[in-house]
Amino acid sequence: MKKQNGRLGFTLVEMLVVVLIIGVLSSVAIPNYTRSIEKSRATEAMNMVKALNDAVYAYAAERNACPPSFSKLLVEVPGNKTSDTVVTGKYFKYMLNAATNAPIPGTFCGGVVAERIDGDIYRIWNPYSTAGGKRTLACNGDTARAQNICKSMGLATNERP
């Protein structure tokens, strides 16, 4: 800071250094922030997939048939119904009986698949594989960035639902 004509002020170099520091900090912080936001959206979808699959299982156990629509389930799915078996939320599209390669154990019903609707497209579903005796979710993406999102959640796979 220089005193000139009885006033204090910053030099151009000092101002440039401050702008440079802010730029470096934001270049590190913004990608981490966006990754955290995407992980939280995916976590919401994972919770919805688990709840919907449990509701499909309950329906199938009670009626010995797969549910024909989301309206038959005991779980409210937030979003707009595109069809009886598709509900589009703010970030994900939920598809009933779409995981045909991963039927819900004890039923012949395919599980629910959550698919990201904008940005990098990736899908989350339950393949009902066991890892340490627990059911695990799976995720795959169409792009390298979508695969990285799946990897960051520890769910990446090359399988298809």
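Remember, it's a predicted structure, so these values are computed and weren't measured experimentally.

A. Main features of the nonpolar core. Membership of the largest hydrophobic core comes to 31 residues, with the highest contact counts inside it found for Leu52, Phe70, Leu73, Tyr94, Tyr122, Ile124 and Met153. Listed by contribution, the elements that provide at least two residues to this core are helix H1 (12-63), strand S5 (92-103), strand S6 (110-116), strand S7 (122-125) and helix H2 (144-152). When residues of this core are assigned to their parent elements, the largest contribution, 10 residues, is made by H1. If sequence neighbours within four positions are ignored, Tyr94 has contacts with Glu44, Ala45, Met48, Leu52, Phe70, Val77, Thr85, Val86, Val87, Val112, Val113 and Ala114. Listed in part, the 7 residues of the second largest apolar core include Val86, Ala102, Val113 and Ala138.

B. Local environment of the environment of Ile121. By the element assignment, Ile121 lies in the loop between S6 and S7. When neighbours within four sequence positions are excluded, Ile121 is seen to be in contact with Glu115, Arg116, Gly141, Asp142 and Ala146.

Each value, and the rule that gives it
- Residues numbered from 1 in each chain as written.
- Predicted model: local features only at pLDDT ≥ 70, side-chain atom pairs only at ≥ 80, totals over all residues.
- Heavy atoms only, no water.
- Core = buried A, V, L, I, M, F, W, Y, C linked by side-chain atoms within 4.5 Å.
- Buried < 20%, exposed > 50% of the residue type's maximum accessible area, 1.4 Å probe, protein only.
- Helix = DSSP H or I, 4+ residues; strand = E, 2+ residues; numbered from the N terminus.
- Contact = heavy atoms within 4.5 Å.

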